[in-house]
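These are the residues of each chain, in order.
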Amino acid sequence: MAFELPPLSYEYNGLEPHIDEQTMRIHHDKHHQAYITKANAALEGHTDLESMSVEDLLRGADQLPDSIHKALNNNAGGHSNHSIFWSLMKPGGGGAPAGDLAAAIDKTFGSFDGFKEKFAAAAAGQFGSGWAWLSLNAAGQLVVEGFANQDSPYTKQYEPLLGLDVWEHAYYLKYQNRRPDYISAFWNVVNWDAVAERFATARK
Ligand code: MN
């Protein structure tokens, strides 16, 4: 089963004014699609791998032969990261998490503001292209880390919960060099219900 581009569950302009329509169109239809096309090409002929989910592929990526490891890290990683990213945003999002996720964030980072500060610092401090992720690590702890390029939290046996793409293609049309403004705007579109759902699933 070849990977396919998942449709957005909202309109391309649904995240305006925080993330603009043109960026969403190019980012989703062109950039995400390119990762999928390249991941599918890398998998061609590897019948043992073709049937695996993208998550399982990434969890086992370090065991793959060198000939395919890098291509999958970049492109299956890119597919997975972007699929999660779209699902974690929504029109009229923002606010704060509730329930178990809010309690875990308070316990780990002191407060929601403490978490936001740490996440924003990881996103702003990621040198060059990459992502900031809130994940659940293998010990069941919340962690915030920057990841280079399309490196996936799954390759570290983490369960990714909330991620922010800080590649220039994610913000340059609207924000140019002002990555911190894009990071601040992101909080207005986060779908905390979706993050909480990922947290609940990850803990099972
Ligand atoms: Mn991207």
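Described in the following lines is the structure provided in the data block. (Residues numbered from 1 in each chain as written. Predicted model: local features only at pLDDT ≥ 70, side-chain atom pairs only at ≥ 80, totals over all residues. Heavy atoms only, no water.)

Looking at the coordination of the manganese ion
And then number 1: Around the manganese ion, the protein supplies H27 (NE2), H82 (NE2), D165 (OD) and H169 (NE2) as donor atoms, at distances of 1.9 to 2.1 Å.
And then number 2: Each donor residue of the manganese ion lies on the same chain, and together they follow the pattern H-x54-H-x82-D-x3-H. Highlighted residues: H27 in helix α1 (residues 21-43) and H82 in helix α4 (residues 66-87), separated in sequence by 55 residues. In terms of burial, H27 and H82 fall into one category: buried. (Donors = N, O, S within 2.8 Å, 3.2 Å for Na, K, Ca; no water. Helix = DSSP H or I, 4+ residues; strand = E, 2+ residues; numbered from the N terminus. Buried < 20%, exposed > 50% of the residue type's maximum accessible area, 1.4 Å probe, protein only.)

Looking at the packing of α1 against α4
The packing of two helices is summarised by the inter-axis angle and the distance between the axes.
And then number 1: One way to put it is that α1 packs onto α4 with a least axis distance of 8 Å and a crossing angle of 145°. Of the two possible hands of crossing, α1 and α4 adopt the one that is left-handed. Residues M24, H27, H28, H32, Y35, I36, K38, A39, A42 and L43 of α1 pack against I68, A71, L72, N74, N75, A76, G78, H79, H82, S83, F85 and W86 of α4. (Axes fitted to C-alpha atoms, helices over the stretch in contact; angles between N-to-C directions. Left-handed = near helix turned anticlockwise from the far one by under 90°. Contact = heavy atoms within 4.5 Å.)

What to know about the side chain of T155
And then number 1: Note that T155 resides in the loop between β2 (142-148) and β3 (159-165).
And then number 2: Once residues within four sequence positions are removed from consideration, T155 is found in contact with L58, A61, D62 and N73.

Quick word on the packing of aromatic side chains
One pair of aromatic rings is described through two measures. These are the centre distance and the angle between the planes.
And then number 1: In total, this model carries 17 aromatic pairs according to the counting rule given.
And then number 2: Residues F119 and F186 carry aromatic rings whose centres are separated by 6.3 Å and whose planes lie at 15° to one another, so their mutual orientation is stacked. Placement of F119 in helix α6 (residues 112-125) and of F186 in helix α8 (residues 179-186) is noted, with a sequence separation of 67 residues between them. Grouping residues by exposure puts F119 and F186 together as buried.
And then number 3: The interplanar angle of 55° and the centroid separation of 6.0 Å between the aromatic rings of Y175 and Y182 together place this pair among those described as tilted.
And then number 4: You can call Y175 buried: its relative accessible area is 8%.
And then number 5: Through pairs of rings, three or more aromatic residues link up here, namely F85, W86, F109, F112, F115, F119, W131, W133, F186, W187 and W192.
And then number 6: Between K174 and the ring centre of Y175, over which it is positioned, the NZ or CZ distance is 5.7 Å. (Phe/Tyr/Trp six-rings, centres within 6.5 Å; stacked < 30°, edge-to-face > 60°. Lys NZ or Arg CZ within 6 Å of the ring centre and 35° of its normal.)

What to know about the sheet that holds strand β1 (residues 130-136)
And then number 1: With antiparallel pairing, three strands are arranged side by side in an open sheet as β2-β1-β3. Single-partner strands in this sheet number two, and they are β2 and β3. The mean angle between the axes of side-by-side strands here comes to 25°, regardless of whether they run parallel or antiparallel.
And then number 2: Bridge count between β1 and β2: seven bridges; the pairing is antiparallel. By the bridge assignment, A132 is partnered in β2 with G146. (Pairing = 2+ DSSP bridges.)

Remarks on the nonpolar core
And then number 1: Within the largest apolar cluster, 64 residues are counted, with the highest numbers of intra-cluster contacts made by F115, F119, L162, Y182 and W192.
And then number 2: Those residues in contact with F119 that lie beyond four places of it in its chain are A132, W133, L134, V144, L162, G163, L164, F186 and W187. (Core = buried A, V, L, I, M, F, W, Y, C linked by side-chain atoms within 4.5 Å.)

Quick look at the environment of A42
And then number 1: Looking at the secondary structure, you find A42 in helix α1.
And then number 2: In sequence terms A42 and E117 are 75 residues apart; their C-alpha atoms lie 38 Å from each other.
And then number 3: In contact with A42, other than residues within four places in its own chain, are I68, A71 and L72.

A short note on the pattern of salt bridges
And then number 1: Under the definition given, this model contains six salt bridges.
And then number 2: Of the charged contacts, one joins R25 and E21 as a salt bridge, the two residues approaching to 3.0 Å between their closest N and O atoms. Here R25 pairs with E21, and both are found in helix α1, just four residues apart, close to one helical turn.
And then number 3: Exposure remark for R25: the relative accessible area of 37% places this residue in the partly exposed category.
And then number 4: Linked by salt bridges that have partners in common, D56, R59 and E159 make up one network. (Salt bridge = Lys/Arg side-chain N within 4 Å of Asp/Glu carboxyl O.)

Re α8
And then number 1: Taken residue by residue, α8 has R179, Y182, I183, A185 and F186 as its buried positions. All buried residues of α8 fall inside an arc of 160° around its axis, so they share one side.
And then number 2: Elements that come into contact with the buried residues of α8 comprise α4, α6, β3 and α7 (172-175). (Arc of directions from axis to C-beta.)

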